[in-house]
Amino acid sequence: MRVTNNNLYSSSQQQINEKREKLMDLQTELSTQKRINKPSDDPVGTVKLLDLRVNDKNLNQFKDTADTANIFLNYSDTAMAELSDIVLSLKDLAISQSSSASANESTRKAIAGELEQLYNQTLSVANRKFGNRYIFGGYNTVKPPFDSYGNYFGDNGSIRLEINENNYLPINIPGSKIFYGMGEINGEIKGENIFDVIKVMHDGLMTNDTKIIQTCIERLDKFQEQVIEVRATIGARAKTIEGYKDGIEKSIVDNVSLKSEIEDSDIVKAASELKKEENILSASLNVTNRLLQPSLMDFLR
Amino acid sequence: MSINRLMNTGIRSMQNNQVAIRTSGHNIANANTEGYSRQDASSVAQKPIQQGSLLIGDGAEINRIRRSHDDFLSGQINKESETLGMYKERSALLGAVESIFNEASEDAFSNSMSKMFNSFREVSSNPENSALRTTVLESVKGFTTASNKMANDLNKIQENINSKIGATASEVNSIAKEIANLNENIGKMEIHGNPANDLRDRRDLLLKNLSKIVDIQSAEDTSTGMLSVTICGSASLVTGRKANTLAIERASSESGTAVFNLVVKSASSSMDITKNIKKGELAGMLNVRDSLVPELKDKMESLVHSLANKMNEIHSKSFDLLGETSRKLFDFVSEKKNVLSSISLSKDVADQPRKLALASRPFEPANNEGSLEITSLQNNRFLAENTETVGDAFGSLVSTIGIKTREANSLTKHQTAVLSQLDTFRDSISGVSLDEEAIDLVKYQKAFEASARVIKVADELLETILNLKRT
C-alpha cells in the first residue's frame, strides 16, 4: 500500500490522542479517588450507590430515633420507680396506722398530713415532663394531664416511632392506664385509681376508721402490680429497641464498606496503570519522532 | 526542415517537463491541503511524421493533468462520516445529560428526597417542636428546588441544542452556496474538455463536510459536470447553479418549550425535513432534543407528580397544631406536564411551621400519625403500577442514561476507527508523498536538462549545415 506523509501524521496523531485520553481518565480516577465519577462509568454500580446512600441516611435517622426512644423510656421508667417508692411508703403507713398498737387517733391525724405530701408527689410524677412535653398525657403533651383533684385531661393516644423501615414502636403509656388502671382499648376500669386510694386513706385517717385504712392496703398492692406491669412493658420496649439498634449499627457499617467497595478506586492499581500508560505514551512519542523526521528531501543535493 | 522539427521537439520537451515540474511543485505545496488529490501530468507521444517510408516520432505532448481520485471511496467515506457525525454528537450531548443526574451534592434530587423523608421521621418523635417543623419545611423546599432545577437543566439542554441547530443550518447554507458556485465555475472551465481538478477537490471536500452534518445524496451530471445534492432523500439542496436554503422555523413542543424545526426553502416551495433527518450531527441533535430528553422529562414528571399527589393527599387529611385541616403541602401546575418546573412548597404552609399538618386528629399535639404515613411512602411501591418505589424509579432512570451514554461512547469509538481506516485508504490513493515528489523533481529536472541539450545539438547541426557553404 502506498504510504503518504498524511498517513503517518494522522495515524500518529490518533494513536497519541488515544493514549492521552486514557491517561486523562486515570488522572481523574486518582484525583477523585473514585472509580465511578459519572453514571456511564458503571451504570449498575451507580444505581447501587444511589440505594446505599439513601439507606445510609435512613439508617442514621433510625439510629437517632432509637436513641430518642431509649431516653424517653428511661425517663418514664425512672418516674415509675419513684411511683413505686411512693406506694411502698403509703403501704407502710397504712399498715402501721391500721394494725400497730402504737397508732391512735392523734397519730392518724398527724399521718394524714404526711399523706397530703405523698399525694402531691404522686401528682408531680403524673405530670412529669421530658423537656417541655408531658409524658403521661397520651397525645396531649402540652398541658398537664392531671389537675389537683386527680382528674385526667389527657387522652389515650399511643405515640409511635418508626425505629426501622415500616417498624413502629409505641414509646409512651397514657396516664389513664397507669394512674387509673384503665385499659387502653375500651376505657374500662380494670385497676386502681391511686388518687382515689390516697383520698380514701386520708379520710380513713381523719375519721379514725381502721377498717377503711385496711381496705387501702389491698388496693395499694393491686396498684403496685399495675406499676410493675407498666415497668415490664417499658422494659420490653427498651429491649426491642436494643435489638433493632444493634442491627442498625451493624447495617451502617456494612453499608459504608459496600459503598466503598463499589465506589472507591483501587489506588494502587490505578497508580500502576498510570505509570504503565505514561511509559507507553513516552515510547509512542519517541517512535513518532523517529518516524516523522527523515524524508528524501534531506538527502537530495 | 527536419532540424526545425528537432528543435521543436526539444522546445516542446522542455515545456512539457516544466509543466511536470510545476505539477510536482503544486503537489508539494498542497501536501497538507485538506481534501487535495495528488495530480500528475500525463504525456503522450505525438503523432509520428511520415518521411518517405519511415514514420519518425515527433516528441511528446502533455494531454491531461490527472487527479488521483477514487469516487467510490469518497462516497463510502461520506456515508461513514454521516454515521460518525451522528454518534459523536449524540455522545457529546448524552455526556451533558448524564451530568445532570450525577448526585454530586446534597442538593441533588435523590439526596434531597431522602433528606425530606428523614426530616419527617425526625419530627415524628417530637411533632410539637417548632424547630423540627421548620426543618421539615426547609427540606421540603430543598426537594422542590431540586425538582425545579432538574426541569431547568433539561430545558437548557434543549435550548442549547436549538442554538446549535441554528448555527449548523447556517453552515449548511454556506456550504450549499459554495457548491453551487463551484458547479458554475467547473462547468465553465471544463468546456475545453479538461477536468478542473482543484475545483473538484474543493467540491468533494465540501460534500464530505456536509455529510458530517446531515445525510446527503449526490449525483453528477457528466455532461455539464454539475453536482446536484439532496438531503434526507427528499429535499433538493443544490441543483446546478442554484442553492436552496435550510431555514429554521420556531415551533412549540408538547411541553411548551420552543423548538427549532428545519425547513428546506426554495423560491417556490418549502419542505419540513425535521423528522426525515436520519444521519449526521443534526440527527444526533434532534434525537436527543426530541426523543431522549422528552422521555426523561416525562419519567421525572410522572415520578414527582405521583409522589407530590400522595403527600398532598395525606397532608390534606391531617391536622396541624391549630386544629385545621384540608391544606396541601405542595403547589404545582399539572397541565402541560409542568409539575417538575412548577412544584413548590405550598404558600399555605411556607414559613408557618405550625400549619404543617402531621396529626390524624385535631388538638393532639404529639399525634404524629400523618407524619408516619408520609415517611412510609419512601418504601411504598406505588409507582409503575405498584411495582416501584420512588428510589427504584429514579435509579432505573439513572441507569438507563448511564447505559445509553456508555453505548454512544463505544459506538463513536468504533465508528471513528472505521472512518480512520477509510481515510488511510484514501490517503494512499490521493495523498502526496514528499519522497515521491522529490524523486519526480529529480526525474523531470534531468529530462529538462536533457531537452535543453537536444536544442543545443539541433543548433549545432544547423551551424554545421550553414558552414557547409563557406568552406
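Residues numbered from 1 in each chain as written. Chains lettered and ligands numbered in written order. Predicted model: local features only at pLDDT ≥ 70, side-chain atom pairs only at ≥ 80, totals over all residues. Heavy atoms only, no water.

## Notes on the overall build of chain B
Consideration 1: The helix and strand tally for chain B stands at 10 helices and 13 strands.
Consideration 2: Its C-alpha atoms give chain B a radius of gyration of 38 Å, clearly above 23 Å, the size a compact globule of 471 residues would have.
Consideration 3: Buried positions account for 46% of the 471 residues belonging to chain B.
Consideration 4: As presented, chain B carries roughly 22,700 Å² of accessible surface, and 52% of it is formed by carbon and sulfur atoms. (Helix = DSSP H or I, 4+ residues; strand = E, 2+ residues; numbered from the N terminus. Rg over C-alpha atoms; globule rule 2.2 N^0.38 Å. Buried < 20%, exposed > 50% of the residue type's maximum accessible area, 1.4 Å probe, protein only. Areas by Shrake-Rupley, 256 points an atom, 1.4 Å probe, with all protein chains shown as cover.)

## Here's the deal with the packing of helix H2 (residues 43-99) of chain A against helix H6 (residues 210-263) of chain A
Residues and elements named next belong to chain A.
Consideration 1: The geometry of H2 relative to H6 is characterised by a closest axis approach of 7 Å and an angle of 165° between their N-to-C directions. Our classification of the angle between H2 and H6 gives roughly antiparallel. Between H2 and H6 lies a crossing whose hand is left-handed.
Consideration 2: Tallied by class, residues from the contact of H2 with H6 come to 29 nonpolar, 13 polar and 15 charged. (Axes fitted to C-alpha atoms, helices over the stretch in contact; angles between N-to-C directions. Parallel < 35°, antiparallel > 145°, perpendicular 65-115°, else oblique. Left-handed = near helix turned anticlockwise from the far one by under 90°. Nonpolar A, V, L, I, M, F, W, Y, C, P; charged D, E, K, R; others polar.)

## What about the interface of chain B and chain A?
Reports often express the size of an interface as the amount of accessible area lost when the parts come together.
Consideration 1: Contact residues are listed per partner, giving 58 residues for chain B and 46 residues for chain A.
Consideration 2: Here chain B meets chain A over a buried area of about 4,300 Å², counting both sides, of which 51% is carbon and sulfur.
Consideration 3: Three residues stand out in chain B for area buried against chain A, namely Arg121(B), Ser125(B) and Ser428(B), and they jointly supply 12% of the buried area on that side.
Consideration 4: The interface formed by chain B and chain A holds 5 salt bridges in total.
Consideration 5: With its nearest N and O atoms 3.0 Å apart, the salt bridge here joins Arg121(B) to Glu162(A).
Consideration 6: Here chain B is connected to chain A by 24 residue pairs in polar contact (both at pLDDT 80 or more).
Consideration 7: Elements supplying a minimum of two residues to the side of chain B that touches chain A: helix H3 (109-124), helix H8 (369-375), helix H9 (390-430) and helix H10 (434-470) of chain B.
Consideration 8: By residue number, the principal contributor to the side of chain B that touches chain A is H9(B), which donates 16 residues.
Consideration 9: Of the residues assigned to the side of chain B that touches chain A, the class counts are 17 nonpolar, 26 polar and 15 charged. (Contact = heavy atoms within 4.5 Å. Buried area = accessible area lost by both parts, 1.4 Å probe. Salt bridge = Lys/Arg side-chain N within 4 Å of Asp/Glu carboxyl O. Polar contact = N/O pair within 3.5 Å; in protein donor to acceptor, adjacent residues only side chain to side chain.)

## Some remarks on the pairing of strand S3 (residues 160-164) of chain A
Residues and elements named next belong to chain A.
Consideration 1: Looking at chain direction, S3 and strand S4 (residues 167-170) are connected through 4 bridges and run antiparallel. Bridge pairing links leucine 161 to leucine 169 in S4.
Consideration 2: Where S3 hands over to S4, the hairpin turn is made up of 2 residues, of which asparagine 166 adopts a positive phi near 55°. (Pairing = 2+ DSSP bridges.)

## Structural notes on the side chain of Ser98(A)
Consideration 1: Tracing the sequence through the fold places Ser98(A) in helix H2.
Consideration 2: Each residue touching Ser98(A), except ones within four places of it in the same chain, is listed here: Thr210(A), Ile213(A), Gln214(A) and Ile217(A).

## Topic: the pattern of salt bridges
All names here are of chain B.
Consideration 1: Evaluation of the coordinates by the stated rule reveals 48 salt bridges over all chains.
Consideration 2: The closest approach of N and O atoms between aspartate 204 and arginine 67, which form a salt bridge, is 3.3 Å. On the criterion of sequence distance, the pair formed by aspartate 204 in helix H5 (residues 197-213) and arginine 67 in strand S4 (residues 60-67) is long-range, its members being 137 residues apart.
Consideration 3: In this structure, glutamate 249 and lysine 265 form a salt bridge, with 3.3 Å as the shortest nitrogen-oxygen distance. Placement of the pair is glutamate 249 in strand S9 (residues 245-252) and lysine 265 in strand S10 (residues 258-265), with a sequence separation of 16 residues.

## Structural notes on the nonpolar core
Consideration 1: Of all hydrophobic cores here, the largest spans 84 residues; its most connected members are Phe101(B), Ile231(B) and Leu307(B).
Consideration 2: In contact with Ile231(B), not counting residues within four places along its chain, are Val214(B), Asp215(B), Ile216(B), Gln217(B), Leu237(B), Leu246(B), Val264(B) and Ile273(B).
Consideration 3: One finds Ala79(A), Leu90(A), Tyr139(A) and Ile213(A) within the second-largest nonpolar core, a separate group that totals 50 residues. (Core = buried A, V, L, I, M, F, W, Y, C linked by side-chain atoms within 4.5 Å.)

## Section: the environment of Ala452(B)
Consideration 1: Looking at the element boundaries, Ala452(B) is found in helix H10.
Consideration 2: Taking the C-alpha atoms as reference, Ala452(B) lies 93 Å from Thr387(B); in sequence the two are 65 residues apart.

## Quick look at the sheet that holds strand S7 (residues 235-239) of chain B
Residue and element names in this part refer to chain B.
Consideration 1: One open sheet accounts for 4 strands, arranged S5-S6-S7-S8; its pairing is antiparallel. The sheet is open, and its two edges are formed by strand S5 (216-221) and strand S8 (242-243), each paired on a single side.
Consideration 2: The pairing of S7 with S8 spans 2 bridges and is antiparallel. Pairing of threonine 239 across the sheet is with lysine 242, part of S8.
Consideration 3: Contacts from helix H4 (residues 130-189) reach strand S6 (226-231), S7 and S8 within the one sheet, and its direction differs from that of S7 by about 45°.

## Focus: helix H1 (residues 2-29) of chain B
Residues and elements named next belong to chain B.
Consideration 1: In this model, H1 (28 residues) spans 40 Å end to end at C-alpha, consistent with the 40 Å of a helix rising 1.5 Å per residue.
Consideration 2: Taken residue by residue, H1 has Ile3, Gly10, Asn16, Asn17, Ala20, Thr23, Ser24 and Asn27 as its buried positions.
Consideration 3: Those residues of H1 that are buried lie in contact with strand S1 (39-45), S4 and H10. (Expected span 1.5 Å × (residues − 1).)

## Remarks on helix H1 (residues 5-32) of chain A
Consideration 1: Here H1(A) contains 28 residues, and its C-alpha end-to-end distance of 41 Å stays within 8% of the 40 Å for a straight helix at 1.5 Å per residue.
Consideration 2: Among the residues of H1(A), Asn5(A), Asn7(A), Ser12(A), Ile16(A), Lys19(A), Leu23(A), Leu26(A) and Glu29(A) are the ones counted as buried.
Consideration 3: At its buried positions, H1(A) is contacted by helix H7 (267-292) of chain A together with H9 and H10 of chain B.

## Quick look at unusual backbone geometry
Consideration 1: Phi is positive for Asp351(B), close to 60°, though the residue is something other than glycine.
Consideration 2: Although it is not a glycine, Phe363(B) sits at a positive phi angle of roughly 60°.

## Re the packing of aromatic side chains
Consideration 1: For the coordinates displayed, the defined rule picks out 14 aromatic pairs over all chains.
Consideration 2: Look at Phe146(A) and Tyr180(A): their rings are 5.9 Å apart centre to centre, the planes differ by 70°, and that puts the pair in the edge-to-face class. A residue pair is termed long-range when its members are at least 10 positions apart, and Phe146(A) in the loop between strand S2 (133-134) and S3 and Tyr180(A) in helix H4 (residues 175-180) qualify at 34 residues. This pair shows no difference in class: Phe146(A) is buried, exactly as Tyr180(A) is.
Consideration 3: Each ring, one from Phe101(B) and one from Phe394(B), has its centre 6.2 Å from the other, and the planes form 40°; the classification is tilted. Taken together, the residues Phe101(B) in the loop between helix H2 (71-100) and H3 and Phe394(B) in helix H9 connect sequence positions 293 residues apart. Neither Phe101(B) nor Phe394(B) differs from the other in exposure class; each is buried.
Consideration 4: Ring pairing ties together the aromatic residues Tyr119(A), Phe136(A), Phe146(A), Tyr152(A), Phe179(A), Tyr180(A) and Phe195(A), which thus form one cluster.
Consideration 5: Sitting over the face of the ring of Tyr168(A), Arg160(A) holds its NZ or CZ atom 4.6 Å from the ring centroid. (Phe/Tyr/Trp six-rings, centres within 6.5 Å; stacked < 30°, edge-to-face > 60°. Lys NZ or Arg CZ within 6 Å of the ring centre and 35° of its normal.)

## Here's the deal with the sheet that holds S9(B)
All names here are of chain B.
Consideration 1: Taken together, 3 strands build an open sheet; the order of strands is S9-S10-S11 and the sheet is antiparallel. The sheet is open, and its two edges are formed by S9 and strand S11 (270-272), each paired on a single side. Neighbour-to-neighbour, the strand axes of the sheet open up by a mean angle of 35°, direction not taken into account.
Consideration 2: Here 8 bridges tie S9 to S10, and the two strands are oriented antiparallel to one another.

## Quick look at the confidence of the model for chain B
Consideration 1: The predicted model of chain B averages 91 in pLDDT, with 98% of residues at 70 or higher.
Consideration 2: Across the interface, the model reports ipTM at 0.88; the global pTM reads 0.87. (pLDDT = per-residue confidence, 0-100.)

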